Amino acid sequence: MKTFVNIVLGLFVVKAVFAVPSRQRRQAFDFNTYDAEHYDVDLENLHLENQDTFNYDDELTIDEPQIEIGTLPPLVNRYQQPSTSVEEEEEELPLKPLTPAQSSGGSGLLGPDTQAGLPTCLLCTCLGGSVYCDDVKLETVPPLPKETTHFYARYNKIKKINKSDFAEMNKMKRIDLTSNQISEIDEDAFRSLPQLEELVVRENKIRQLPELPSTMTLIDVSHNKLGSNGIKNEAFKDMHNLMYLYLTDNNLNHIPLPLPEPLRSLHLQNNNIQMMHEDTFCNLKNVNYIRKALEDVRLDGNPINLSRTPQAYICLPRVPTGRLY
């Protein structure tokens, strides 16, 4: 190796000698003052032997035999080809059974199995805590992962909501079953859901609204068949967070009272409501009472003349929408 370095250094010096036009400049060349920016060789760190065996002005002599650059042996490829291919190695590895968390059954990554034998999250779409089962021809509510917070099963063929459909769903916040064929709901189907806030069951065939938890903020039962007996007395009394109540097109003949104080929107259009009491919205015992939250009351499409009972909504910030003559 030292011999090879001597050869490279000698060639470098010869080139430098011919490149310098004057003898004085050749003598001025010093290894300690070379321009490091133009050369890659670190001459200060090179420990060369026999540097005094030649003179820069004399002909370069080398005692060791020269090695012609073109005759250097090729570099050895240190990469060793594997004795077996990746496919062969995989075949040799024993197959391990899936753990319960990896399998499709139970509460695995793809959720519990449905009656059709497919995991819920394979039949539907699961994103975080939301499960989307829109328009997949469901006839029943599929078993849901326990972590579900929002469930959407719109435009299906579900006919009944059973008590077991949402059992132990302690994180459920919203259920949307718009446009199914639901005609029956078990009384305890939603009552035991501690965090349920929004229920949307519009465009079905529901005749009886079940008991709902007091945590509700939005209820939409529009376009059903509740009739005069489909809502229990004081059904919304204890819902102190209820802000949106939509009961459009249900053949109702009365306004369900009492209405919770935080209520903002009350949609009752296209029913059979014929009369309104003066204490429906206002407090007859307090003439200064103003119900600021309730700004959206829809009574259009009902056989009621709002002009006959002006005291019924004098406490409201806006007059209800409906017939005034």
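Calculation notes
Residues numbered from 1 in each chain as written. Predicted model: local features only at pLDDT ≥ 70, side-chain atom pairs only at ≥ 80, totals over all residues. Heavy atoms only, no water. UniProt positions renumbered as here; feature names shortened; annotations may be inferred. Helix = DSSP H or I, 4+ residues; strand = E, 2+ residues; numbered from the N terminus. Polar contact = N/O pair within 3.5 Å; in protein donor to acceptor, adjacent residues only side chain to side chain. Contact = heavy atoms within 4.5 Å. Patch = residues over 30% accessible without salt bridge, like charges linked within 9 Å, V, L, I, M, F, W, Y side chains within 5 Å. Areas by Shrake-Rupley, 256 points an atom, 1.4 Å probe, with all protein chains shown as cover. Salt bridge = Lys/Arg side-chain N within 4 Å of Asp/Glu carboxyl O. Lys, Arg positive; Asp, Glu negative; His and termini not counted. Charge placed at Lys NZ, Arg CZ, Asp CG, Glu CD. Pairing = 2+ DSSP bridges. Axes fitted to C-alpha atoms, helices over the stretch in contact; angles between N-to-C directions. Buried < 20%, exposed > 50% of the residue type's maximum accessible area, 1.4 Å probe, protein only. Disulfide = S-S within 2.5 Å.

The protein chain goes by Epiphycan in an unreviewed UniProt entry, where it is assigned to Lepisosteus oculatus. Of the comments in the UniProt record for the protein chain, the one headed Subcellular location (unreviewed entry) reads "Secreted, Extracellular space, Extracellular matrix". The Sequence similarities (unreviewed entry) field of the UniProt record for the protein chain holds the comment "Belongs to the small leucine-rich proteoglycan (SLRP) family. SLRP class III subfamily."

Colleague: Explain the side chain of N302 to me, and be specific about the residues and the numbers.
Modeller: Looking at the secondary structure, you find N302 in the segment after β11 (296-298). In this structure the side chain of N302 is engaged in a polar contact, spanning 2.9 Å, whose partner is the backbone oxygen of L268. One polar contact links the side chain of N302 to the main-chain amide nitrogen of N271, over a distance of 3.3 Å. Look past the residues within four positions of N302 in its chain and what remains in contact with it is L268, Q269, N270, N271, N272 and I273.

Colleague: Please set out the UniProt feature "domain: LRRNT" (unreviewed entry) in the protein chain residue by residue, giving values where relevant.
Modeller: UniProt records the feature "domain: LRRNT" (unreviewed entry) for residues 120-150 in the present numbering. From the first C-alpha to the last, residues 120-150 spans 14 Å; its make-up is 13% helix and 23% strand.

Colleague: Tell me about a positive patch on the surface, and name the residues and values.
Modeller: A cluster of like positive charges, contributed by K137, K157, K159, K205, R207 and K225, occupies part of the molecular surface. Tracing the chain through its elements places K157 in the loop between β3 (150-152) and β4 (160-161).

Colleague: I'd love a proper account of the sheet that holds strand β5 (residues 174-176), names of residues and values included.
Modeller: Taking strand neighbours across the sheet as the criterion, the nine strands line up as β1-β2-β3-β5-β7-β8-β9-β10-β11 in an open arrangement whose pairing is mixed. Strand pairing shows two members of the sheet lacking a second neighbour, β1 (125-127) and β11, which therefore form its edges. On average, adjacent strands in this sheet sit at an angle of 5° to one another, irrespective of strand direction. Where strand β8 (residues 218-220) and strand β9 (residues 244-246) come together, three bridges link them in parallel fashion. Directly across from D220, in β9, lies its bridge partner Y246.

Colleague: Any chance you could break down the pattern of salt bridges for me, citing the residues and the numbers?
Modeller: Enumeration according to the criterion identifies 15 salt bridges in this entry. Where D134 meets R154, a salt bridge forms, and the shortest distance between an N and an O atom there is 2.6 Å. You can see D134 sitting in the loop between β2 (130-132) and β3 and its partner R154 sitting in the loop between β3 and β4, a full 20 residues away along the chain. Of the residues examined, D134 reaches a relative accessible area of 27% and is grouped as partly exposed. The exposure class assigned to R154 is partly exposed, which follows from its relative accessible area of 22%.

Colleague: Mind laying out the side chain of S130, listing which residues take part and the relevant values?
Modeller: You can see S130 is positioned in strand β2. Ignoring anything within four residues of it in the chain, the contact list for S130 reads T125, T149 and H150.

Colleague: Outline unusual backbone geometry, supporting the account with residue identities and numerical values.
Modeller: With an omega of -5°, the peptide bond running from L257 to P258 counts as cis. Take P258: it is sitting in the loop between β9 and β10 (265-267). Positive phi is not limited to glycine here, since N251 has a value of about 60°. Along the chain, the position of N251 falls in the loop between β9 and β10.

Colleague: So, the state of the cysteines: which residues are in play, and what are the values?
Modeller: The bond known as a disulfide is covalent and runs between the sulfur atoms of two cysteines. In total, this model carries three disulfides according to the counting rule given. Between the sulfur atoms of C121 and its disulfide mate C126 the distance is 2.0 Å. Taking the sign of the S-S torsion, -90° for the link of C121 and C126, the bridge is left-handed. With relative accessibility at 16%, the residue C121 sits in the buried group. For C126, a relative accessible area of 26% puts it in the partly exposed group. Cysteines bonded in the protein chain are numbered consecutively along the chain; their disulfide partners then correspond to 1-3, 2-4, 5-6.

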